Amino acid sequence: MGSDRKGPATGEWERIDRLFQGALEQPVEARRAWVEATCAQEPTLRDAVLELLATDERSERLFDDVARERDAMVAATFENEHSVDLVGKRIGAYRLESLLGTGGMGAVYRAERDDGEFRQTVAIKILPGWATDPQTVARLRAERQFLSGLRHPNITRLLDGGQTGDGYPYLVTEFIDGVPVTDFALDRSLGLRDRIKLFMTVADAVRHAHDQGIVHRDLKPANVLVDREGHPHLLDFGIATLQAGVDGDMTLPRTVTGFSPMTPGYGSPEQQAGQAAGTASDIYQLGLLLYELVTGRRPVPNEPGAPESITRPSLAVRTGQGTAV
C-alpha cells in the first residue's frame, strides 16, 4: 500500500530548485546563511532547500574521496613500475646516464648517444605499463609521426621513439638543461609582468600544437623548463593525443574513455571523469599553470578534489597571498 504523504506541488518544486541553484552560486561557507535569510518567512521551503544542499554536499564528499583514492592508487602503481634502476642500461642508440624524474606518466632519463656515430645528449621517457597494449602502442606510433612535425622554438623536439626489450614504449627528445617555470620565476624573483611574458610564450607553444591537431594533456610546471637564457621549453608529449578528426591518412586507434592518463592534481575535469580530452583540457591546465606561476602556489593547495575555495590570481596578488607581488 503506497504512502499518503504528498510532496511539494510542481510549482513549489520549481521554487525549491531555483533557490537550490542560487545557493550553489554562493561560497560554500555562506550557503546555509543565504538560504535561511532568503527563506526566513517560509520555514518549509527553507528546510527543503537545506536538505538538498546537505545531500549535494554528501555526494561531493563521496565523489572526492573516491577521486583521491583513485589518484593515489594510480600514482603509487606507476611509481612502483619504475622503481627499478635502469641507469647504465642501453635503449636503442642511447645509454641511460641518470634518472631525471618519475611520475604517473613514466620515468625520464638523461641519456647519451652510444653508437659511435656522434655525441648527443637527450632525454628519454619510458612510458608505464598501461601503454603496452597493442592498441595503445599503435596509437603512440601514429601520434609520434604527428609530434615529429611540430616546429616551434619553445617546443622540445621529438627525435626518436620505439619500444624497449620489455615492450615499454619510449620517446627520445632534446635534453633541456633547465628548471620548472615556477622554480625559475621564484629563483629569479620575477615580477608579475615577466611571469606573464613566460606564460604567453608557453601559451603560444600550446597554440602551435593545437594548430597541428595535437593535444598535450599534461601541462604543468614540471613540463615547462626554462633554460639559463630564460627561454621556456614545452616538453613531454608522452601522453599527447590527437584532436577529433585529425587522423590524416592514418588509421589511428583513439584513446578509450573510462581511463584518461593524467598527473594527479593537474587533470582537467574531462580527464578526471575518464572522458576524451580535447583542446579545452589543455586550456584548463594552462589556467592552473597561470595561477601557480602568478601566485606562487597551487589553486587548491591540499589534496586534489579537496573542497577548498579557489582564490582568483588577481586577488591573491593584491592581498599578498601569492609570491608575485
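What you see is a predicted model; the values in this text were computed from it and never measured.

Each value, and the rule that gives it
- Residues numbered from 1 in each chain as written.
- Predicted model: local features only at pLDDT ≥ 70, side-chain atom pairs only at ≥ 80, totals over all residues.
- Heavy atoms only, no water.
- Salt bridge = Lys/Arg side-chain N within 4 Å of Asp/Glu carboxyl O.
- Helix = DSSP H or I, 4+ residues; strand = E, 2+ residues; numbered from the N terminus.
- Buried < 20%, exposed > 50% of the residue type's maximum accessible area, 1.4 Å probe, protein only.
- Pairing = 2+ DSSP bridges.
- Axes fitted to C-alpha atoms, helices over the stretch in contact; angles between N-to-C directions.
- Parallel < 35°, antiparallel > 145°, perpendicular 65-115°, else oblique.
- Left-handed = near helix turned anticlockwise from the far one by under 90°.
- Contact = heavy atoms within 4.5 Å.
- Nonpolar A, V, L, I, M, F, W, Y, C, P; charged D, E, K, R; others polar.

Counting across every chain of the model gives 13 salt bridges. In this structure, E12 and R15 form a salt bridge, with 4.0 Å as the shortest nitrogen-oxygen distance. In this pair, E12 and R15 are both assigned in helix 1 (residues 10–24), three residues apart and thus about one turn of the helix distant. Residue E12 is classed as partly exposed on the basis of its relative accessible area of 29%. On the accessibility criterion, R15 (29% relative accessible area) is partly exposed. Taking the shortest distance from any N to any O, the salt bridge between D218 and K220 comes out at 3.8 Å.

This part takes up unusual backbone geometry. Trans is the common state for peptide bonds, and a negative phi is the common state for residues other than glycine. Backbone geometry places S189, a non-glycine residue, at a positive phi of 50°. Note on placement: S189 falls in the loop between helix 5 (181–187) and helix 6 (192–211). With a phi close to 75°, R217 is a non-glycine residue in the positive phi region. Here R217 shows up in the loop between strand 8 (214–215) and strand 9 (224–227). Taking the relative accessible area as the measure of exposure, R217 reaches 2% and is therefore buried.

A word on the pairing of strand 4 (residues 121–126). On a regular strand, one side chain projects to one face of the sheet and the next to the other, so that they alternate. Strand 4 sits mainly inside the fold: five of its six residues count as buried. Where strand 3 (residues 106–113) and strand 4 come together, six bridges link them in antiparallel fashion. Bridging from a neighbouring strand, A111 pairs with V122 of strand 4. Summarising the sheet, strand 4 and strand 6 (residues 169–174) pair through five bridges and their orientation is antiparallel. Paired with I124 across the strands is V172, a residue of strand 6.

Between helix 6 and helix 8 (residues 279–295), whose axes approach to 10 Å, the crossing angle comes to 165°. On the basis of the axis angle, helix 6 is roughly antiparallel to helix 8. You can see that helix 6 and helix 8 cross each other, and the crossing is right-handed. Contacts between helix 6 and helix 8 involve L192, R195, I196, L198, F199, V202, A203, V206 and H210 from the first element and T279, D282, L286, L289, L290, L293 and V294 from the second. Its residues placed into classes, the contact of helix 6 with helix 8 shows 12 nonpolar, two polar and two charged.

What follows deals with the sheet that holds strand 10 (residues 232–234). Reading across the sheet, the three strands line up as 7-9-10 and stay open at both edges, with antiparallel pairing between neighbours. Because the sheet does not close on itself, it has two edges, and the strands there are strand 7 (178–180) and strand 10. Looking at each pair of strands side by side, their axes are set apart by 35° on average, direction ignored. With three bridges connecting them, strand 9 and strand 10 associate as antiparallel partners. The partner of V226 across the bridge, within strand 10, is P232. The strands touched by helix 6 are strand 9 and strand 10; relative to strand 10, the strand with the most contacts, the crossing angle is about 30°.

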